[in-house]
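# Structure assessment
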Amino acid sequence: MKRFFSIAISMFLSIILFSQDNGVSLGNGVIFQEISLQEALKMVQEDPESPKLVFVDCYTEWCGPCKYMTNNVFTLKECGEFFNANFVNLKFDMEKGEGLEIAKKYLVSVYPTFLILDAEGKEINRVIGSDVPSRFIEKVSIAMDPSNSPSAKLQAYENEKSSENLFAYVTSLRSAYMNDQLNSFINNVFFTLEPAEMYNDAIWSALTSPTGELRNTNSNIFKYLITNRFEAEEYIPKTELDDFLLKTLKYFFMSYISGNLPQEIHAAYERNIICANALFTNDFGMKYLVRMATLKSMDKMDELFSMLDYRLITKGTTLDTEMIEKSFLQIKDLTPVQKSRIVKYLEDKQAALGREAEYAKRWTSRFQ
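Residues numbered from 1 in each chain as written. Predicted model: local features only at pLDDT ≥ 70, side-chain atom pairs only at ≥ 80, totals over all residues. Heavy atoms only, no water.

## Topic: the overall build of the chain
Cut-off, in case you're wondering: Only runs of H or I of at least four residues qualify as helices and only runs of E of at least two qualify as strands under DSSP, and these elements are numbered from the N terminus. Only the C-alpha atoms count toward the radius of gyration. The rule for a globule is 2.2 Å times the residue count to the power 0.38. Each residue's exposure class comes from its accessible area (1.4 Å probe, protein chains only) as a fraction of the maximum for that residue type: buried when under 20%, exposed when over 50%, partly exposed otherwise. In what follows, a contact means two residues having at least one pair of non-hydrogen atoms within 4.5 Å.
Scanning the chain from N- to C-terminus turns up 20 helices and four strands. Its C-alpha radius of gyration of 28 Å places the chain more than 25% over the 21 Å reference for a compact globule of 368 residues. Viewed in the frame of its principal axes, the chain has a C-alpha envelope of about 85 × 60 × 45 Å. Per-residue burial for the chain yields a buried fraction of 42% across its 368 residues. Contacts spanning at least 24 positions in sequence make up 63% of the contacts within the chain whose residues lie at least 6 apart.

Given below as structure tokens:
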């Protein structure tokens, strides 16, 4: 009897090892094949029993949302039933082995990215980011349809240049995080649009995204917006518009002061000084940063570092404090005197925050 159980256990372990080596899951979740992309494409092309699409999980070891998908979504039965029936499923670390080639070929730069490929390896669509199982399956189902791909949306727009097709294409590029293509397209069409289209939510959201054209004060679209603010205010609330312009200009000056401004944008310096003074004279953070930038342009670094005063800087907003601090902290090749000014500033900040923490602690104890 013992011998029977020993043989049975050995056989069971052999099955487990064989299944794992071939990428087969014994559970109810998604089966990720441990084969190359080319092998997966060959399987799709030649095996009549195989699904006709390839699903590629593009992850990195340090990506938290990637781990969430692996541990909490792809292990579920509902996901297994959907993905195993519709795809040959693969997983690649984008920073190792074949993943490096895949990342380069398909321009994968955010994680997790989930590619949906046809039998020839051509991208049909992609889904970005983690999600709960039901919504993720819905996103992938939509992305599987070639008519929902960015290329199909572009073709529809080229066939009929309607507002609906325009916004659909822009939205598809944003959803796929295809930022270079998005910025290029908007640059090409922006000045052909009617104002109602220029400031539509789909276009405005793309322009003001972290990688959007309005983040670059040297772009033609940013210059247009500065000189046509009254037009924009008919569609964008004035407070929202001013807040965005203010932040963008502050970021420009912060980058200029710290020495991290791309050389091609340096030409915008004098124009931005004029715009900042004309539009936001009464804003504390802007006045401070403009003064700092002026001293930097005159190479008066000692005078610039004399402005590193915690009591003065904290008169502005939290954003002002952050940007002014980064302007100093990101400067390279500091002199010993400049380093000592930064140390003094940080010590003053630490002491002030310590006093605030102690004050909050005393009040907390009264209510406990």
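## Regarding the state of the cysteines
Condition: Any two cysteine sulfur atoms lying within 2.5 Å of each other are counted as a disulfide.
Evaluated as defined, the whole model comprises one disulfide. Between the sulfur atoms of cysteine 63 and its disulfide mate cysteine 66 the distance is 2.3 Å. The sign of the S-S torsion, about 85 degrees, decides the handedness of the disulfide formed by cysteine 63 and cysteine 66: right-handed. Cysteine 66 matches cysteine 63 in its accessibility class, with the two residues each being buried. Of all cysteine sulfurs, the one in cysteine 66 lies closest to cysteine 79, which takes part in no disulfide; the gap is 15 Å. Under the relative-accessibility criterion, cysteine 79 is labelled buried at 0%.

## Points about the nonpolar core
Heads up, the rule is: In plain words, nonpolar cores are sets of buried Ala, Val, Leu, Ile, Met, Phe, Trp, Tyr and Cys residues tied together by side-chain atoms within 4.5 Å.
Judged by nonpolar contacts, the single largest core of 68 residues is most densely connected at Leu166, Phe253 and Met292. Counting residues per element, this core draws most heavily on helix α14 (residues 238-258), at ten residues. Contacts of phenylalanine 253, omitting those with residues within four sequence positions, involve Tyr269, Asn272, Ile273, Ala276, Met286, Leu289, Val290 and Ala293. Counting 20 residues, the second-largest nonpolar core is a separate cluster that includes Phe55, Phe114, Phe136 and Met144.

## A look at the environment of proline 65
Looking at where proline 65 falls in the secondary structure, it is placed in helix α3 (residues 64-73). Separated by 273 residues in the primary sequence, proline 65 and glutamine 338 place their C-alpha atoms 40 Å from one another. Apart from the residues lying within four places of it in its own chain, the contact partners of proline 65 are Pro112 and Ser130.

## Here we look at the packing of α14 against helix α15 (residues 269-279)
Here is the rule we go by: Every axis corresponds to a line fitted to the C-alpha atoms, with the helix fit spanning only the stretch in contact, and the corresponding angles, defined between N-to-C directions, vary from 0 to 180 degrees. In this scheme, roughly parallel covers angles under 35 degrees and roughly antiparallel covers those over 145, while 65 to 115 is roughly perpendicular and the rest are oblique. A crossing counts as left-handed when the near helix is turned anticlockwise from the far one by less than a right angle, and as right-handed when that turn is clockwise. Residues are grouped as follows: Ala, Val, Leu, Ile, Met, Phe, Trp, Tyr, Cys and Pro are nonpolar; Asp, Glu, Lys and Arg are charged; every other residue, Gly included, is polar.
Two elements in contact, α14 and α15, have axes separated by 11 Å at closest approach and are oriented at 135 degrees. With respect to their mutual orientation, α14 and α15 come out oblique. With respect to the hand of their crossing, α14 and α15 are arranged in left-handed fashion. Side by side, α14 and α15 meet where Leu249, Phe252, Phe253 and Tyr256 of the first sit next to Tyr269, Asn272, Ile273 and Ala276 of the second. Residue composition of the contact of α14 with α15, grouped by class: seven nonpolar, one polar and no charged.

## A few points about the side chain of serine 255
Position of serine 255 relative to the elements: it lies in helix α14. Taking the relative accessible area as the measure of exposure, serine 255 reaches 7% and is therefore buried.

## Re the pattern of salt bridges
Cut-off, in case you're wondering: Any carboxyl oxygen of Asp or Glu that lies within 4 Å of a side-chain nitrogen of Lys or Arg is treated as forming a salt bridge with it.
For the structure on display, the rule yields 17 salt bridges. Of the charged contacts in the structure, one is a salt bridge between aspartate 283 and lysine 250, with a shortest N-O distance of 3.0 Å. Within this pair, whereas aspartate 283 is found in the loop between α15 and α16 (284-297), its partner lysine 250 is found in helix α14, the two being separated by 33 residues in sequence. Between lysine 250 and aspartate 320 there is a salt bridge; the shortest N-O distance is 2.4 Å. With lysine 250 in helix α14 and aspartate 320 in helix α19 (residues 318-329), the pair connects residues that are 70 residues apart, well separated along the chain. For aspartate 320, a relative accessible area of 2% corresponds to the buried category. One salt-bridge network, held together by shared partners, links Arg229, Glu233, Lys238 and Asp242.

## Considerations on the sheet that holds strand β3 (residues 113-117)
Rules: DSSP calls a pair of strands paired once it identifies at least 2 bridges connecting them.
Strand order in the open sheet formed by four strands is β2-β1-β3-β4, with mixed pairing between adjacent strands. With one partner strand each, in any of the chains shown, β2 (88-93) and β4 (123-128) form the two edges of the open sheet. Taken pair by pair, the neighbouring strands of this sheet meet at an average axis angle of 20 degrees, ignoring direction. Note: β3 against β4, five bridges, orientation antiparallel. Counted as the bridge partner of leucine 115 is arginine 126 from β4.

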